[in-house]
Structures are given as C-alpha cells and as structure tokens.
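Listed below, chain by chain, are the residues.
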Amino acid sequence: QVHLVESGGGSVLSGGSLRLSCTASGDTGNTYCMAWFRQAPGKQREGIANIYLPEGGTRYDDSLKGRFTISRDNVKNTVYLQMNSLKTEDTAMYYCAARRVDCWRLVERVYNYWGQGTQVTVSS
C-alpha cells in the first residue's frame, strides 16, 4: 500500500504563490509516477502535471501556460507543485496521485493511489 499526504494549501491573494508538497510512504518501490490533480466545486477532476520519478520527466496540461511547476525529491519521497501568479479560478481541492508504472496519460483513471487533498483558495 502507498500512502500519500499533501500539505501546503491555504488562502492566498490573487497574483500570489503557493508551494504544495506530497510525501509518499509505505510501498514506495511500487510507485514510478506521481501527479497533481485539482477539482473545483461543480467541475470534473482535472490533471495538472505528472512526473516520472526515476528520470524526472514531466508532463503538463497546456492550459497552465508555465504558471505551475512539478518537481520531486526522491530522497524525501516527496513531489512538489510550485504555483505562481495564482488566479481566483485556481481555487480548488488539490490532490496528489501515484501510479505503479510509467506516467502514460494525465487522466484520473490510470492512477492507483490518492491523497486526501489540500484546499487552495485564491481571493481577489
């Protein structure tokens, strides 16, 4: 079993920045890909980015236009999401996810493990 715990969410003003963290524990040897998703009220869960842990390759949703950056620290079993120039429409519950093999597609159904989520609220 792989356990994921997110942290770093909170309230921020429009234009501000936040850095989210997701730490994995348990059977981390069974995890090769980690990702960030988000879900706003009334909306479908959408993929933000994923990262292939052994080599660090990344994939992003094109709509982010460089505002979000995913990274990892394999020693700490942690992935990060740096969020800059935040907008009110970024308000959502942000989830960390993990996959047993390679990253493949940035879609919810291919991920095996999920964290509890951390709330991000951006106000004007």
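Details of the structure are given in the entry above.
Sequence order as written defines residue numbering, which begins from 1 separately in each chain. Local features are withheld for residues below a pLDDT of 70 in this predicted model, meaning they are given only at 70 or higher, and side-chain atom pairs are given and counted only at 80 or more; totals for whole chains, interfaces and linings count all residues. Hydrogens and water molecules were not included; the side-chain quantities draw on all heavy atoms of the structure.

### Observations regarding the sheet that holds strand β1 (residues 2-7)
This is how the line gets drawn: Two strands are counted as paired when DSSP detects at least two bridges linking them. The numbering of helices and of strands both runs from the N terminus, where a helix is a DSSP run of H or I of at least 4 residues and a strand a run of E of at least 2. Structural elements are reduced to axes, namely lines fitted to C-alpha atoms, with helices fitted over the stretch in contact, and the angle between N-to-C directions of any two is expressed from 0 to 180 degrees.
One open sheet holds the four strands; their spatial order is β1-β3-β8-β7, and the pairing between them is antiparallel. Whereas interior strands pair on both sides, the edge strands pair on one side only; in this sheet they are β1 and β7 (68-73). Here the average twist between neighbouring strands, direction ignored, is 20 degrees. Relative to strand β3 (residues 18-26), β1 runs antiparallel, the two sharing six bridges. Paired with valine 5 across the two strands is threonine 23, which belongs to β3.

### A short note on empty space enclosed by the protein
Operational definition: As defined here, a cavity is a set of points on a 1 Å grid over the protein atoms alone where a 1.4 Å probe fits but cannot get out. A pocket is an open set with protein on both sides within 12 Å along at least five of seven lines, and residues line them when an atom is within 4 Å of a point. Grid points are joined across faces, edges and corners, and a volume is the space filled by probe spheres set on the points. All residues other than Ala, Val, Leu, Ile, Met, Phe, Trp, Tyr, Cys, Pro, Asp, Glu, Lys and Arg, Gly among them, are scored as polar; the first ten of these are nonpolar and the last four charged.
Per the stated rule, a full pass over the model turns up one cavity of 30 Å³ or more. Here the largest cavity defines a volume of roughly 40 Å³. The wall of the largest cavity is formed by Arg38, Glu46, Gly47, Ile48, Asp61, Ser63 and Leu64. Looking at the lining of the largest cavity residue by residue, the class counts come to two nonpolar, two polar and three charged.

### Regarding the environment of glutamine 39
Convention followed: Think of a polar contact as two N or O atoms within 3.5 Å of one another; within protein, one of them needs to be a possible hydrogen donor and the other a possible acceptor, and neighboring residues in sequence only count if both atoms come from side chains.
If you trace the backbone, glutamine 39 turns up in strand β4 (residues 33-39). Engagement of the side chain of glutamine 39 in a polar contact is seen with the side chain of arginine 45, the distance being 3.3 Å.

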